[in-house]
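Breakdown of the fold
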Amino acid sequence: MQQAVDSIALSLPGTVAVFVADSETGLLEMADQQSVPEQNEAVAAYYAQVMRLQRRALDATGVGQQKMQNMVFQSSRHYHALYPVEGSRFLCLVVDQRQTNLAMLWRLLATYAPQLQG
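In this report, the structure presented in the accompanying data block is examined. (Residues numbered from 1 in each chain as written. Predicted model: local features only at pLDDT ≥ 70, side-chain atom pairs only at ≥ 80, totals over all residues. Heavy atoms only, no water.)

1. Some details on the pairing of strand 3 (residues 71-74)
For clarity, the threshold we go by: At least two DSSP bridges between two strands are required for those strands to pair. Comment: elements are numbered from the N terminus, with helices defined as DSSP H or I runs of at least four residues and strands as E runs of at least two.
Sheet topology note: the strand 3/strand 4 (residues 78-84) ladder contains 4 bridges and is antiparallel. From the neighbouring strand, M71 faces strand 4, where its bridge partner is L82. What sits between strand 3 and strand 4 in their antiparallel hairpin is a turn of 3 residues.

Below is the structure:
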C-alpha cells in the first residue's frame, strides 16, 4: 500500500499530501514522502472524526445498509478527497485545484484502488 500512496503523490500535479489513517483511532498509518508528517498527523485526526460522523449520518438516514464511497471537500485552493480503503482505514488526498481537477483525481484513485484495498 505504501507504494500506491507514493505513486499517487507523484502522479498528480499539485499534490499537497497523500496519507492513510485509521478512522477509529485517528492515527496516521502511512504517508507520501514529500508531505509534512506533523501536519498529516493533525489532519488525519480531524478527518477521522469526519469519517466517523459521516458513517453515523448514513446510519441515521434509515434507508438500509449504505457503504460510504468517498467524500470530497473543496477549499479556496484545494480539493480534499477521503476514500475508504480497508477496514477502518481511509486515504486522504489533498491537491491544488489550479493544477489538477476532480476527473484526474477520481481516475487516479480508480487506478490504484486495488492496491489500496490490501
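After that view, the rundown keeps rolling.
2. Some details on the sheet that holds strand 5 (residues 89-96)
Selection criterion: Axis angles are defined between N-to-C directions and span 0 to 180 degrees, where every axis is a line fitted to C-alpha atoms and, for a helix, only to the segment in contact. Should any heavy atoms of two residues lie within 4.5 Å, those residues are counted as being in contact.
Pairing in this open sheet of 5 strands is antiparallel, and the strands run 2-1-5-4-3 from one edge to the other. The sheet terminates laterally at strand 2 (28-31) and strand 3, the two strands that pair on one side only. Strand after strand, the sheet turns through a mean of 20° between neighbouring axes, direction not considered. Here strand 4 pairs with strand 5 via 7 bridges, running antiparallel. Along strand 5, the bridge assignment pairs L82 with C92. This element, helix 2 (residues 37-60), spans strand 1 (15-22), strand 2, strand 3, strand 4 and strand 5 of the sheet and lies at about 60° to strand 1.

No statement about biological role is implied by the geometric values presented.
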